[in-house]
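A closer look at the structure
Given next are the chains, with one letter for each unit.
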Amino acid sequence: MSLADTLEPTATHTDMANAIRALSMDAVQRANSGHPGMPMGAADVATVLFSRHLKFDSSAPDWPDRDRFVLSAGHGSMLLYSLLHLTGYPGMDIDQLKAFRQLGSHTAGHPEYGHAPGIEVTTGPLGQGIATAAGMALAERMLAARYGDELVDHFTYVLAGDGCLMEGISHEAVSFAGHLRLAKLIVLFDDNGITIDGKTDISVGDDQLMRFEASGWHVARVDGHDPEAIDKAIEAAKAAGRPSLIACRTVIGYGAPTKAGSEKTHGSPLGEEEITGARKKLGWPYPPFEVPEEIRAAWRAVGARGEAARSAWEGRLAALDNDLRSDFERISAGDLPLGWEAALDEFKAAMSAEAPKLATRVASQKVLEVLTAAVPEMVGGSADLTGSNGTKTSRHVAVTRDDFSGGYINYGVREHGMAAAMNGIALHGGLIPYGGTFLVFTDYCRPAIRLSALMGKRVVYVMTHDSIGLGEDGPTHQPVEHLASLRAMPNLNVFRPADVVETAECWALALKHDATPSILALTRQGVPTLRTVHTAENLCAKGGYVLAEASDARKVTLIATGSEVEIAMAARATLEADGTPTAVVSMPCFELFAQQDAAYRKAVLGPKTVRIGVEAAVRQGWDALVRSHGGFVGMSGFGASAPAGQLYEHFGITADTVVAEAKKRL
């Protein structure tokens, strides 16, 4: 029995679907911009899903055990906005629909997470939604394994289009979800056969059902305008024991008298004449933005239907043991547990005392041994580089299709899919995801990293092998432009720690910044511990700090990151020995340093001193620190294949070069 069987019908399915169509075409027309075709074509599918299956309560949008709905085909955003408005979500009144695509409205051209309750994820870049949803579905199963099905038992539904399934990331996500048999993931494919350029057969001939079935999915095909067929297909999918694809054959722009079934409805307003004809064809005689009360009431009943389920869930939560309930409420809120900072400080003190020489990727693994014990909601993973990235700890057990209780995810060689899945895990709530690959492969992850930043989610990217220091693998694997590229992205903290102590501090900052994702750029080669005197203060928290002050009135300031801080320290020793008072500034995070007040930045950088930047990467982005006339020792092109030490000599990233650059500016 579907959830709709408990409702007294007050309006027909067609009435309710036509309300979505009308609001969508009216809003796009008023904005003179948007995509009316997809909402009009998928309205029947969405109506069946929301009125008969989706578990939600519009008065409690953040209820942890709600079903998730992901509009992967984000260009059809008016479908989602219409649904949120009709079902009574806060922050989505009729004025928001009238302000579609206008500055300051909640109704952006593509759904943006955080703009209004009910928008579960930012979508628009095609394929991101379905891949993010795989992470949501995985998080649901992992939390169910930890807290039980009585607290965590919900589905993740995706509405995806042809474009989503063409994008390469969908192949990664489909394979990943099928491998893990994520049975609570159901994709509704708006199979309208149209893209911007015309019919899909001009560019693609895939049999999507065979493709998904080959990856272990349950598949079905239905008439996307037959509500009973859609209902039965969803019921079957929920019981399938595998992730499901339901291909719903629809007509894009359904109801438009001359443009339906055509790319002309995809990305442009229908026009007043076509809308008038659509109203007549759909039997919708009402003025723009007007929904009759009986239809509105039926939709409001849908929005309130989940109240009983939510209330029962809250009762089960309240009946839990106090400690378990408090823990679930804490992780759901995204709060960190007590005691983790003390554990990390103890680790820092031990490392300062021992002063080991470690690659920062190895240092990171040691930090994770501490953090994953103190913060058990941290879940790690790697894109088939576990040993190289150091992302798995001794306490980790891998997640499998038969056991989701572990805390480590083998993503396989699916960097882009991994990054999007981590977004989904973070969006779901209750877990803190981190995952690793090589820094050069942030190129594969970048669209998902950008969405992490745009949505403001705590996702940690452990990116190792961060420079020519990785050595013999050569320029295909040696990142030179990547740090600059990532630093150019708003709301992304790029950390490049110099030693084991800084690595611990940068991890702490990545956890504390719960509205900003982080990149940890880590070395393959060993680096010495430079912070040998323990301080409880997190010196990296300000982005940059004076690691070694000049012996007298400062004349030179050497600014370095990561493995090159060691080089800067050696150069300082030479300059000091030559009678040139020199300071070394460690700059693990440009972004946090830029947020400090002007007085602090000035004091750290040293006014009226010669400034030299040192980083085994391109200069772009450094002029803000060293000034245009300052020196820079780094890379100006691609690397080469050779042992790391030879490469540093070959490219002139040495203490002698730093000294020479400083002296010629004195």
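Whatever comes next refers back to the structure up there.
Presented here is a report on the structure given in the accompanying data block. Computed from a predicted structure; not experimentally measured. (Residues numbered from 1 in each chain as written. Predicted model: local features only at pLDDT ≥ 70, side-chain atom pairs only at ≥ 80, totals over all residues. Heavy atoms only, no water.)

Things to note about the overall build of the protein
We count it as follows: Where helices and strands are cited, they refer to DSSP runs of H or I of at least four residues and of E of at least two residues respectively, numbered from the N terminus. Based on C-alpha atoms, the radius of gyration is set beside the globule rule, defined as 2.2 Å times the residue count to the power 0.38. For each residue, the accessible area found with a 1.4 Å probe, counting protein chains only, is set against the maximum for its type, and the residue is called buried under 20%, exposed over 50%, and partly exposed in between. We call two residues in contact when some of their heavy atoms are within 4.5 Å. Reported accessibility uses the Shrake-Rupley method at a 1.4 Å probe radius. Residues are deemed covered only where the shown protein chains occlude them. Under this rule, positive means Lys or Arg and negative means Asp or Glu; His and the chain ends count for nothing. Charge coordinates come from a single atom per side chain, which is NZ of Lys, CZ of Arg, CG of Asp or CD of Glu.
In terms of helices and strands, the protein carries 26 helices and 20 strands. For 666 residues, the compact-globule estimate of 2.2 N^0.38 gives 26 Å, and the C-alpha radius of gyration of the protein, at 28 Å, lies within 12% of that figure. By principal-axis analysis of the C-alpha atoms, the protein measures approximately 90 × 55 × 45 Å. Within the span of the protein, comprising 666 residues, buried residues form 62% of the whole. In the protein, 78% of the contacts between residues at least 6 apart in sequence involve partners at least 24 apart. Total accessible area on the protein stands at roughly 24000 Å², and carbon and sulfur atoms take up 50% of it. In the protein, 61 positive and 79 negative side-chain charges are present, and the distance between their average locations comes to 4 Å.

Considering the pairing of strand β9 (residues 378-382)
How we decide: Should DSSP find at least two bridges between two strands, the strands are regarded as paired.
For β9, the buried fraction is high: 5 of the 5 residues fall into the buried class. Pairing of β9 with strand β11 (residues 432-438) involves 3 bridges; the strand directions are parallel. Following the sheet pairing, Ser382 is matched in β11 by Gly436. The pairing of β9 with strand β10 (residues 408-410) spans 3 bridges and is parallel. Among the inter-strand pairings, Gly380 is bridged to a residue of β10, identified as Tyr408.

Some remarks on the layout of surface pockets
Empty space among the atoms can be located by rolling a probe the size of a water molecule over them. Note the threshold: Here a cavity denotes a set of grid points, spaced 1 Å apart and computed over the protein atoms alone, in which a 1.4 Å probe fits but from which it cannot get out, and a pocket denotes an open set meeting protein on both sides within 12 Å along at least five of seven lines; residues with an atom within 4 Å of a point are reported as lining. Grid points are joined across faces, edges and corners, and a volume is the space filled by probe spheres set on the points. Under the convention adopted here, Pro, Cys and the residues Ala, Val, Leu, Ile, Met, Phe, Trp and Tyr are nonpolar, Asp, Glu, Lys and Arg are charged, and Gly plus all remaining residues are polar.
By volume, the largest pocket amounts to about 850 Å³. In terms of lining, the largest pocket is formed by 42 residues, of which the most central are Tyr113, Ser332, Leu427, Gly429 and Lys457. Every element with two or more residues in the lining of the largest pocket is listed here: α12 (307-318), α13 (322-333), α17 (415-428) and β11. Element by element, the count of residues in the lining of the largest pocket is highest for α13, at 5 residues. Each residue belonging to the lining of the largest pocket can be placed in one class, and the counts come to 21 nonpolar, 10 polar and 11 charged.

Considering helix α11 (residues 293-304)
Each α-helix turn comprises 3.6 residues. Residues three or four places apart therefore point the same way. Spelled out, the test is: One less than the residue count of a helix, multiplied by 1.5 Å, gives the span that helix is expected to have. Note that the arc is computed from the directions linking the helix axis to the C-beta atoms.
The terminal C-alpha atoms of α11 lie 16 Å apart, and with 12 residues this matches the ideal 16 Å at 1.5 Å per residue to within 8%. Taken together, the buried positions of α11 are occupied by Ile295, Arg296, Ala298, Trp299, Val302 and Gly303. The arc enclosing the buried residues of α11, seen along the axis, measures out at 160°, which places them on a common side. Residues of α11 that are buried sit in contact with α1 (13-31), α2 (37-53) and α3 (77-86).

Here we look at the packing of α12 against α13
Condition: To obtain each axis, a line is fitted to C-alpha atoms, and for helices this fit is confined to the stretch in contact; angles are then taken between N-to-C directions over 0 to 180 degrees. These descriptions rest on fixed angle ranges, namely under 35 degrees for roughly parallel, over 145 for roughly antiparallel, 65 to 115 for roughly perpendicular, and the rest for oblique.
The N-to-C vectors of α12 and α13 enclose an angle of 125°; their axes lie 9 Å apart at closest approach. Here α12 lies oblique to α13, going by the angle between them. Residues Trp313, Leu317 and Ala318 of α12 lie in contact with α13, whose contacting residues are Arg325, Phe328 and Glu329. Partitioned by chemical class, the residues of the contact of α12 with α13 number 4 nonpolar, no polar and 2 charged.

A look at the packing of aromatic side chains
Operational definition: Pairing of aromatic rings covers Phe, Tyr and the six-membered ring of Trp, with a centre-to-centre limit of 6.5 Å; geometry is then stacked below 30 degrees between planes, edge-to-face above 60, and tilted otherwise. Placement of a charge over a ring requires the Lys NZ or Arg CZ to be within 6 Å of the ring centre, with the centre-to-atom vector within 35 degrees of the ring normal.
The full count for this structure, using the stated rule, is 17 aromatic pairs. With centroids separated by 6.4 Å and ring planes inclined at 65°, the aromatic side chains of Trp63 and Trp313 adopt a geometry described as edge-to-face. Separated by 250 residues along the polypeptide, Trp63 in the loop between α2 and β1 (68-71) and Trp313 in helix α12 bring together distant segments of the chain. Judged by relative accessible area, Trp63 falls into the buried class, the value being 4%. Among the aromatic residues, those joined into a cluster by ring pairs are Phe50, Phe56, Phe69 and Tyr89. Against the face of Phe155 rests Lys184, its NZ or CZ located 4.2 Å from the ring centre. If you follow Arg487 out to its NZ or CZ, it ends over the ring of Phe590, 3.8 Å from the centre.

Focus: the packing of helix α5 (residues 128-147) against α17
Helix-helix packing is described using two parameters, namely the angle between the two axes and the distance between the axes. Applied cut-off: For a crossing to be left-handed, the near helix must be turned anticlockwise from the far one by less than a right angle; the clockwise case is right-handed.
One way to put it is that α5 packs onto α17 with a least axis distance of 6 Å and a crossing angle of 55°. The angle between α5 and α17 falls in the class oblique. When the axes of α5 and α17 are compared, the crossing they make is right-handed. Residues Gln128, Ala131, Thr132, Gly135, Met136, Leu138, Ala139, Glu140 and Leu143 of α5 pack against His416, Ala420, Ala421, Asn423, Gly424, Ile425, Leu427 and His428 of α17. Here the contact of α5 with α17 is composed, by residue class, of 9 nonpolar, 7 polar and 1 charged.

Structural notes on empty space enclosed by the protein
All chains considered together, the criterion is met by 2 cavities of 30 Å³ or more. Size it by volume and the largest cavity reaches roughly 70 Å³. Lining the largest cavity, in full, are Phe50, Leu54, Phe56, Arg66, Asp67, Phe69, Leu80, Leu84, Tyr89, Gly118 and Glu120. Of the residues contributing to the lining of the largest cavity, the split by class is 7 nonpolar, 1 polar and 3 charged. Each pocket or cavity is described by its volume, and for the second largest cavity that value is around 50 Å³. Only α5, α7 (168-180) and α17 provide two or more residues apiece to the lining of the second largest cavity.

Quick look at the side chain of Arg325
Put simply, the rule reads: For this analysis, a salt bridge means a side-chain nitrogen from Lys or Arg found within 4 Å of a carboxyl oxygen belonging to Asp or Glu. We define a polar contact as two N or O atoms separated by no more than 3.5 Å, with the added condition that, inside protein, one atom must be a possible hydrogen donor and the other a possible acceptor, whereas residues neighbouring each other in sequence contribute only through side-chain atom pairs.
Mapped onto the elements of the fold, Arg325 is located in helix α13. Glu329 is the oppositely charged side chain nearest to the buried, salt-bridge-free Arg325, at an N-O distance of 4.3 Å. Separated by 3.1 Å, the side chain of Arg325 and the backbone oxygen of Leu320 make a polar contact.

Focus on the sheet that holds β10
In sheet architecture, strand pairing relies on hydrogen bonds along the backbone and comes in two forms, parallel and antiparallel. Strand order in the open sheet made by the 6 strands is β10-β9-β11-β12-β14-β13, with parallel pairing throughout. Each edge of the open sheet carries a strand with a single partner, namely β10 and β13 (493-495). Strand-to-strand twist across the sheet, computed as the mean angle between neighbouring axes with direction ignored, equals 20°. Most of the contacts of helix α15 (residues 360-374) go to β9, to which it runs at about 150°, and overall it touches β9, β11 and β12 (460-464). On top of the sheet, α17 reaches β9, β10, β11 and β12; it is set at about 165° to β11, its chief contact.

Here we look at the side chain of Thr437
On the secondary structure map, Thr437 appears in strand β11. Among all residues touching Thr437, those that are not within four sequence positions of it are Ala383, Leu385, Asn389, Glu415, Met418, Cys445, Val462, Met463 and Thr464.

Examining the pattern of salt bridges
Evaluation of the coordinates by the stated rule reveals 27 salt bridges. Linking Lys663 and Asp578 is a salt bridge whose minimum nitrogen-to-oxygen distance equals 2.8 Å. Taken together, the residues Lys663 in helix α26 (residues 655-663) and Asp578 in the loop between α21 (564-577) and β18 (582-586) connect sequence positions 85 residues apart. With relative accessibility at 43%, the residue Asp578 sits in the partly exposed group. One salt bridge in this structure joins Asp623 and Arg619, with 2.8 Å as the shortest N-O distance. Residue Arg619 is classed as partly exposed on the basis of its relative accessible area, which comes to 26%. Residues joined in a network through salt bridges with shared partners are Arg52, Glu228 and Asp231.

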